[in-house]
Amino acid sequence: QQFPVHWGGDSSASYPSMAETLRGGLSLACAGFGFWSHDMGGFENTAPADVYKRWCQFGILSSHSRLHGSGSYRVPWMFDEEACDVMRKFVKMKCALMPYLYRQAVLAHQEGVPMMRPVFLEFPDDRACEPLERQYMFGDSLLVAPVFKESGEVEYYVPKGRWLNLLTGNTVEGGTWQKETHDYFSLPLLVRPGSILAVGSEVNRPDYAYYEDVTLFLYLPQDNSRAQTCVTDTTGHTVMQVDAQRAGDEIRVHVDSEKGSWKLKVLGEENLRMVEV
C-alpha cells in the first residue's frame, strides 16, 4: 500500500479477462489498496472493437484510466469511428463527475476506504452482495455493472431502494436481480437513493475549480430521507458542504460554502419543490 495506484497486471484482450480484471481489482480493494488501474482493451493481443468499447466504459469508470497494451497502438481511432464516440462520451462524463470523484479520492486518502469497492462494503447486511464480483460501487453513491457480452446483455444485483440510472434516467427497484441490454453508450450506472451527486461544469479536462458552477443533483426518492456531501478543491480542502432533507414533496437544502457557485437539480421526480435555507 506504499504505492498510491496499483495496476491490474497483463490481462488478455477478451471478455473473460476483463471480468478477471474486475475480480482482481475488488480483491485489491479488500486488501487495502485505495486506487487501482488496468489496461483498457487488455494488454496481451489486440481486442476486437466490441471488447475494446466495452472495456473503455469500464476503464473510464475506474479511479484511474489508461490505454496501454502490447503489439498495437490502443487509441480508439485504430478500432473504428464508434470507438472514438464511445471514448469521447465517457471521458467527458468522467470530467464532469470530477467534483464527486475527487471527494471520493480524498476520502480514500483520509479514511482508507477504496474508491472502487465491492458492493458488500457499502451493504454489509445484504447477504446477496457477498458473492458479487462483476459489479462494484464507484465511491459511496454510484453502482457500476460493466457489460461482459457481445450481445450487450448484463445481469446485476441492486440493493434495496429505488435506484436511478444516471445515463438513461430509468429507475430500478432494489432487492432484486436485473437483466438488461445496453448499447456501447450506456450501461448500468446507478445513483444510490439518498445521494447528492456533485457534477462540474467542465467536460474537457479533469483538473479545474470543482466548486465553480457545480450542479448538485439531489436524489431522495423516499420521504424523510436525508443526504449530505462535500465539494473540495484540487488540494483536497473542503470548500462546500451540502445537506438536504426531504419532507413530503419538499426538499430543504442547506449549502455552506467558503467560495464557489452552485445550482440545484432534482433527479427522478421533477415535481418536488426545493427550498434553499
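Not measured: the values here are computed from a predicted model.

(A) Expanded view of the overall build of the protein chain. Looking only at helices and strands, the protein chain features five helices and 17 strands. What you see for the protein chain is a C-alpha radius of gyration of 18 Å, in line with the 19 Å of a compact globule of 277 residues. Structurally, the protein chain occupies a C-alpha span of about 60 × 40 × 40 Å along its principal axes. Of the contacts formed within the protein chain by residues at least 6 apart in sequence, a portion of 61% connects residues at least 24 apart. Within the structure as shown, the protein chain displays about 12,600 Å² of accessible surface, and the carbon and sulfur contribution to it stands at 48%. For the protein chain, the separation between the mean place of its 26 positive charges and that of its 36 negative charges on side chains is 1 Å.

(B) Region of interest: the pattern of salt bridges. Enumeration according to the criterion identifies 16 salt bridges in this entry. Arg192 is the partner of Glu122 in a salt bridge, and the nearest nitrogen-oxygen pair spans 2.7 Å. Here Arg192 lies in the loop between strand S10 (189-191) and strand S11 (195-199) and Glu122 lies in helix H5 (residues 119-122), a separation of 70 residues in the sequence. Comparing Glu122 with Arg192, the two get one shared label, buried.

(C) Examining the side chain of Ser195 more closely. Of note, Ser195 is situated in strand S11. Classification of Ser195 as buried rests on a relative accessible area of 3%. A polar atom in the side chain of Ser195 sits 3.2 Å from the side chain of Ser141. A distance of 2.7 Å separates the side chain of Ser195 from the backbone oxygen of Arg192, its partner in a polar contact.

(D) Quick look at the sheet that holds strand S13 (residues 226-232). Spatially, the four strands line up as an open sheet ordered S13-S14-S15-S17, and their pairing is mixed. Each edge of the open sheet is held by one strand with a lone partner, namely S13 and strand S17 (273-276). Sheet twist, expressed as the mean angle between neighbouring strand axes with direction ignored, is 20°.

Analysis parameters
Residues numbered from 1 in each chain as written. Predicted model: local features only at pLDDT ≥ 70, side-chain atom pairs only at ≥ 80, totals over all residues. Heavy atoms only, no water. Helix = DSSP H or I, 4+ residues; strand = E, 2+ residues; numbered from the N terminus. Rg over C-alpha atoms; globule rule 2.2 N^0.38 Å. Contact = heavy atoms within 4.5 Å. Areas by Shrake-Rupley, 256 points an atom, 1.4 Å probe, with all protein chains shown as cover. Lys, Arg positive; Asp, Glu negative; His and termini not counted. Charge placed at Lys NZ, Arg CZ, Asp CG, Glu CD. Salt bridge = Lys/Arg side-chain N within 4 Å of Asp/Glu carboxyl O. Buried < 20%, exposed > 50% of the residue type's maximum accessible area, 1.4 Å probe, protein only. Polar contact = N/O pair within 3.5 Å; in protein donor to acceptor, adjacent residues only side chain to side chain. Pairing = 2+ DSSP bridges. Axes fitted to C-alpha atoms, helices over the stretch in contact; angles between N-to-C directions.

All we've got here are geometric facts, nothing functional implied.
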